There are 2 protein chains.
Amino acid sequence: MSSILQKHIGQYVKLDQAGYTALLKYFQVFKVKKKQDLLTVGKISPNLFVAKGCVRMFFVNEKGAEQTVQFAIENWWISDYMSYSSQKRSEYTIQAVEASEVLAIDLASQEKLLKEFPVMERYFRLMHQRALAASQHRIKVIYGSSREQLYRDFAKRYPEFVQRVPQYLLASFLGFTPEYLSEIRKKRS
Amino acid sequence: MSSILQKHIGQYVKLDQAGYTALLKYFQVFKVKKKQDLLTVGKISPNLFVAKGCVRMFFVNEKGAEQTVQFAIENWWISDYMSYSSQKRSEYTIQAVEASEVLAIDLASQEKLLKEFPVMERYFRLMHQRALAASQHRIKVIYGSSREQLYRDFAKRYPEFVQRVPQYLLASFLGFTPEYLSEIRKKRS
């Protein structure tokens, strides 16, 4: 599994095999079952790399419903960056959508890693830049689109998600009822 | 003006005076009037640092209205990161809300800067991490809150904005009509 992170890092920065082996010691590896939590409310968020599977981040809204705000599949990082950066208790849960393999690093370990491998500043800078672009697009789509377009845009950008993620979670992510999402999907076919 | 960026960088990484002077040559400095554009639709977005003033990023929605997606005041970076990272034409406009002083850097120049000053990878990584945290919070608030709470949360987190930014722009940013925002503000006082 850990070679997936190595391959991913290699797409952005140079790090030899010895370096990569040394770098891995800063991470914890988790193999989680479907619906198992990787972060729970009140804990401090680690920074998580999905090597295999799919996880989601959600909070419980005022109506008591789980509102998914983010998904991550292979090669994506996910974290509550407010909690991670400021070491504050998180208001989110990060949970496996499928059986998943995840590499986790806490802030203190990441700081040590970055001291030992300054080249990784670039890797994380580029990962954050990619996440920021996705996040900006998400806000644009929320504000600029009808609910049907919201789904079409998402399905076009992330076809894999639409196949993999249970329909009720996708509906929650898009702010729909599952019934409404089902209607839109039928319309298309 | 440029010393504002120097001070800001100094909060995160070490860079001596000579280094800073050398670094500045990668930037273009713009002094813009209120409502002057720093990025227009169809152009490639630079990465912008607001040294003085306030700017906003918006797109024109299907109804022909300007939808503000982001503001930036002193010490904040703003960019369409999809356009910037992929060198694609932007769908956004970045415009001065007040008379502003802005430092701009394009992707090629930033790459050169980062080669000369690798320590700046850390600075930009931390800036992106901060922006990601803000963006995640924004999405949470959009999904989890009533419209009135949306305003209260924003006013609490960014009191300075609420004072400085014209009410109709703040309304657009929050997805309100100006009348509705005015109602909420009256209720409070």
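It should be emphasised that the depicted structure is a prediction, and the values quoted were computed from it without experimental measurement.

The helix and strand tally for chain A stands at nine helices and eight strands. Taken over the C-alpha trace, chain A has a radius of gyration of 17 Å; the compact-globule value for 189 residues is 16 Å, and the two agree within 12%. Over its C-alpha atoms, taken along the principal directions, chain A stretches across nearly 55 × 35 × 30 Å. The proportion of buried residues among the 189 residues of chain A is 52%. Across chain A, contacts joining residues at least 24 apart in sequence account for 69% of those joining residues at least 6 apart. When the 29 positive and 18 negative side-chain charges of chain A are each reduced to one mean point, those points stand 3 Å apart.

Here we take up the pairing of strand β5 (residues 66–73) of chain A. Burial within β5(A) is extensive, with six of its eight residues counted as buried. As consecutive antiparallel partners, strand β4 (residues 54–60) of chain A and β5(A) are separated by five residues, and within that stretch Gly64(A) has a phi angle of approximately 85°, a positive value.

On to the pattern of salt bridges. Inspection of every chain in the model, using the stated rule, returns 21 salt bridges over all chains. Two residues, Glu91(A) and Lys140(B), come together in a salt bridge whose shortest N-O distance is 2.8 Å. Note that Glu91(A) is positioned in the loop between α3 (81–86) and β7 (93–96) and Lys140(B) in helix α5 (residues 119–144), a pairing that runs across two chains. Residue Glu91(A) is classed as partly exposed on the basis of its relative accessible area, which comes to 48%. Since its relative accessible area comes to 15%, Lys140(B) is described here as buried. Residues joined by salt bridges that share partners form a network here, namely Glu111(A), Glu121(A), Arg122(B) and Arg125(B).

Moving on: the environment of Tyr92(B). Looking at the secondary structure, you find Tyr92(B) in the loop between α3 (81–86) and β7 (93–96). The exposure class of Tyr92(B) is buried, given its relative accessible area of 4%. For Tyr92(B) and Phe58(B), which are 34 residues apart along the polypeptide, the C-alpha to C-alpha distance reads 5.5 Å. Not counting residues up to four positions away in its chain, the partners in contact with Tyr92(B) are Gln136(A), Lys140(A), Leu39(B), Thr40(B), Val41(B), Met57(B), Phe58(B), Phe59(B), Val69(B) and Asp80(B).

When chain A is brought onto chain B, the operation consists of a screw motion whose angular component is 180° and whose axial shift is 0.0 Å, with 0.0 Å RMSD remaining. These values place the two chain copies in the arrangement generated by a two-fold rotation axis. Within chain A, the C-alpha atom positioned nearest to the axis of rotation is that of Arg125(A), 2.0 Å from it. When you check the interface residues of chain A against chain B, 100% turn up at the interface there too, and the contact is symmetric in its surfaces.

As a rule of thumb, nonpolar side chains are buried together in soluble globular proteins. One finds Trp77(A), Met120(A), Tyr123(A), Trp77(B), Met120(B) and Tyr123(B) to be the most contacted residues of the largest nonpolar core, which totals 52 residues. Once you skip the residues sitting within four places of it in the chain, Trp77(B) turns out to touch Leu5(B), Phe27(B), Asn47(B), Leu48(B), Phe49(B), Ile105(B), Tyr123(B), Phe124(B) and Met127(B). Among the nonpolar cores identified, the runner-up in size contains 37 residues, and Ile78(A), Val102(A), Ala104(A) and Tyr143(A) belong to it.

Attention now goes to the sheet that holds strand β1 (residues 28–32) of chain B. All names here are of chain B. The strand order across the open sheet formed by four strands is β1-β8-β3-β6, and the pairing between neighbours is antiparallel. Looking at the sheet topology across the chains shown, the edges are occupied by β1 and β6 (77–78). Sheet topology note: the strand β3 (residues 47–52)/β6 ladder contains two bridges and is antiparallel. Bridging across to β6, Phe49 finds its partner in Trp77.

On to the packing of helix α6 (residues 147–157) of chain A against helix α8 (residues 167–174) of chain A. Residue and element names in this part refer to chain A. Contact geometry for α6 and α8: axes closest at 11 Å, N-to-C directions at 120°. The handedness of the crossing between α6 and α8 comes out as right-handed. In this structure, α6 contributes Leu150, Tyr151 and Phe154 to the contact, and α8 contributes Leu170, Phe173 and Leu174. Across the contact of α6 with α8, the residue classes break down as six nonpolar, no polar and no charged.

A few words now on α8(A). Residues and elements named next belong to chain A. Of all the eight residues making up α8, six are buried; the element is thus mostly covered by neighbouring parts of the structure. Those residues of α8 lying buried are Leu169, Leu170, Ala171, Ser172, Phe173 and Leu174. Following α8 by one or two positions, Gly175 has its phi on the positive side, about 80°.

On to the interface of chain A and chain B. The interface is formed by 39 residues belonging to chain A together with 39 residues belonging to chain B. Between chain A and chain B, a total of about 3800 Å² is buried, with carbon and sulfur atoms accounting for 56% of that surface. Three residues, Gln136(A), Lys140(A) and Tyr143(A), lead the burial of chain A against chain B; their summed loss comes to 20% of the area buried on that side. Put simply, chain A and chain B have 10 salt bridges between them. Ionic pairing is found between Glu111(B) and Arg122(A), a salt bridge with its closest N-O pair at 2.9 Å.

Conventions adopted
Residues numbered from 1 in each chain as written. Chains lettered and ligands numbered in written order. Predicted model: local features only at pLDDT ≥ 70, side-chain atom pairs only at ≥ 80, totals over all residues. Heavy atoms only, no water. Helix = DSSP H or I, 4+ residues; strand = E, 2+ residues; numbered from the N terminus. Rg over C-alpha atoms; globule rule 2.2 N^0.38 Å. Buried < 20%, exposed > 50% of the residue type's maximum accessible area, 1.4 Å probe, protein only. Contact = heavy atoms within 4.5 Å. Lys, Arg positive; Asp, Glu negative; His and termini not counted. Charge placed at Lys NZ, Arg CZ, Asp CG, Glu CD. Pairing = 2+ DSSP bridges. Salt bridge = Lys/Arg side-chain N within 4 Å of Asp/Glu carboxyl O. Least-squares fit on C-alpha atoms with pLDDT ≥ 70 in both. Core = buried A, V, L, I, M, F, W, Y, C linked by side-chain atoms within 4.5 Å. Axes fitted to C-alpha atoms, helices over the stretch in contact; angles between N-to-C directions. Left-handed = near helix turned anticlockwise from the far one by under 90°. Nonpolar A, V, L, I, M, F, W, Y, C, P; charged D, E, K, R; others polar. Buried area = accessible area lost by both parts, 1.4 Å probe.

Distances and angles like these do not, on their own, reveal function.
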